[in-house]
Amino acid sequence: MTRLSLRHRLPEVVLALAVLASFGWTLYHVHAFGYLPQPFVFDTNDSLMDWFNPAYWANNPGVYDVWRSIYPPLSFVFLDLTSLPSCYLQSPFYARDCDWLARGVILGTYGINVLIAWICFRRVDPYSAPMRTIAIAIGLPMLFTLERGNLILIAFAFFMIAHGPVTRSRRWRILSAAVTINFKPYLLLPVLALGIRRDWRALEAAGIATIAIYLASLAWVGSGTPAELASNTAHWVVFQGAQVWNEVNYSTSYAPLTMFRKLDLPVMSFVPSRIVETIEWLVPIAIRSTQLIALIALAAAWLQPRALPAHRVAALFLGAYLVTQSPGGYTQLFLIFLILLEKWERAGPATAIACAYLLCIAADWPLATILDVTGNSWLTDRSVTASFGLTAGHFLRPGLILVIVWALSLDSLARAVRAHRERRPSFGLAVA
């Protein structure tokens, strides 16, 4: 590697070291205090329960009419196939300690994700691959997903196959995209990049595969019809609207901050009303302006479908969604992967990549302690008193996603303008 290239990689090396240091801090915190610090979930006995709660219902009746799940049926097919039924006769918490197969699948899937990420980044840029793999493997979004045992672990592997340089086979990429949608329906948005690029056959095939997988999983589970999913989702929206603190704690969007006044916790004792009023005024402006610039960039990509790579268009779709609302902080994992497929060149991509690394730092700066929760920590099997409250991350992380969308959008517009000089814009449904 030349001296020039070393200087070019230095920012990523420094950022990767920051991610590595934050991972070390997290391990120290668990060893010293017995629990994971913010922004990890403050219920220290709830580790892996995003996996074992639905796994319990995959092995018992009532998943959609009693538990009122919003997960498509494929999640329960997968959990049914990767669990030990005898462990689910009592409770999800009992199953967590009993089902060694499920715990093995969680750890195995994590390892597979890291391997696939390495393959993708190695093919994009061998020199930056180690740093970017570190960011994915031990960055906050992946650690948060792993601690929760969220099914994003499964979806992410297929997401990298669908949107990364893992395989040249269109069939595997299309099938993987369909699987991601059946695990996490909002992952339809990155697939829409196929339409912007006029790849109608691939988009049609992805749609057919998505429906086929859904119908097959629906037949397997015996429930999870569109009407059930719509009804349960409406119920979930109402329920989640009352869980303001869970939304604020690790969010992709500033939208939850506008609900500060609805918090049952004494947040208003620590945040001056003037700041709250400013947040309520600025947040809608920030969200709407970011949606607008992303929409303009996507329109430019439509006019010049060859100007942008598919992963860039997918990142614009997903980034605009995450700015609008937060489906959970761990969903940043998908956006960060797409960003790390970019090359560190020009101001826009370099800024977005730097922000992606910053989002991977697994540490926070406490501003005020709001509550102390005493309970058992499943990770360390001891009684702990966990302190949680307002942190700098509540305000910085959604802002970094805003910066990412703006940086990629402005760079996309510049690339589209340059493309206009070489070829006429395409207004039809076929690539000119």
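Since the model is a prediction, treat every value here as computed from it, not as a measurement.

Undergrad: Explain the side chain of Thr44 here, please?
TA: The topology assignment puts Thr44 in the loop between helix H1 (3-33) and helix H2 (49-58). The buried category is assigned to Thr44, whose relative accessible area is 11%.

Undergrad: Please explain the state of the cysteines as it appears in this structure.
TA: Formally, a disulfide is one covalent bond, and it connects the sulfur atom of one cysteine to the sulfur atom of another. Applying the stated criterion across every chain yields a total of one disulfide. A sulfur-sulfur distance of 2.0 Å marks the disulfide that ties Cys87 to Cys98. Residues Cys87 and Cys98 are joined by a disulfide whose S-S torsion is about -60°; by sign, that bridge is left-handed. Note that Cys87 is positioned in the loop between helix H3 (73-81) and helix H4 (92-98) and Cys98 in helix H4, a separation of eleven residues in sequence. Since its relative accessible area comes to 2%, Cys87 is described here as buried. Cysteine Cys120 is unpaired, with the sulfur of Cys360 as its nearest cysteine sulfur at 15 Å. In this structure Cys360 is a free cysteine whose sulfur lies 11 Å from that of Cys355, the closest cysteine sulfur available.

Undergrad: Would you explain the pattern of salt bridges in this entry?
TA: Close approach of charged atoms lets side chains of opposite charge pair. Per the counting criterion, the structure on display carries twelve salt bridges. For the salt bridge of Asp46 with Arg148, the shortest nitrogen-to-oxygen distance reads 2.5 Å. Taken together, the residues Asp46 in the loop between H1 and H2 and Arg148 in helix H7 (residues 140-148) connect sequence positions 102 residues apart. Side by side, Asp46 and Arg148 carry an identical accessibility label, which is buried. A network of salt bridges, in which partner residues are shared, links Arg312, Glu342, Glu345, Arg346 and Asp411.

Undergrad: Would you mind showing me how to read the pairing of strand E1 (residues 366-377) here?
TA: It is a general feature of regular strands that their side chains alternate between the two faces of the sheet. Direction of pairing for E1 relative to strand E2 (residues 382-391): antiparallel, over a ladder of ten bridges. Counterpart to Pro366 in the pairing with E2 is Thr391. Between E1 and E2, which pair antiparallel and follow one another directly, the connecting turn spans four residues, one of which, Asp381, has a positive phi of 55°.

Undergrad: Honestly, the environment of Lys343 in this entry has me stumped. Any pointers?
TA: Note on placement: Lys343 falls in the loop between helix H17 (332-339) and helix H18 (347-359). Distance from Lys343 to Asp125, taken between C-alpha atoms, is 7.7 Å for residues 218 residues apart in sequence.

Undergrad: Just checking my understanding: could you explain the packing of H17 against H18 for this structure?
TA: The geometry of a pair of packed helices is captured by two quantities: the angle between their axes and the separation between those axes. Orientation of H17 relative to H18, taken along the N-to-C sense of each, is 145°, at an axis distance of 9 Å. Where H17 crosses over H18, the handedness of that crossing is left-handed. Residues Gln332, Ile336 and Ile339 of H17 lie in contact with H18, whose contacting residues are Ala352, Ile353, Ala356 and Leu359. Looking at the contact of H17 with H18 residue by residue, the classes come out as six nonpolar, one polar and no charged.

Criteria and thresholds
- Residues numbered from 1 in each chain as written.
- Predicted model: local features only at pLDDT ≥ 70, side-chain atom pairs only at ≥ 80, totals over all residues.
- Heavy atoms only, no water.
- Helix = DSSP H or I, 4+ residues; strand = E, 2+ residues; numbered from the N terminus.
- Buried < 20%, exposed > 50% of the residue type's maximum accessible area, 1.4 Å probe, protein only.
- Disulfide = S-S within 2.5 Å.
- Salt bridge = Lys/Arg side-chain N within 4 Å of Asp/Glu carboxyl O.
- Pairing = 2+ DSSP bridges.
- Axes fitted to C-alpha atoms, helices over the stretch in contact; angles between N-to-C directions.
- Left-handed = near helix turned anticlockwise from the far one by under 90°.
- Contact = heavy atoms within 4.5 Å.
- Nonpolar A, V, L, I, M, F, W, Y, C, P; charged D, E, K, R; others polar.

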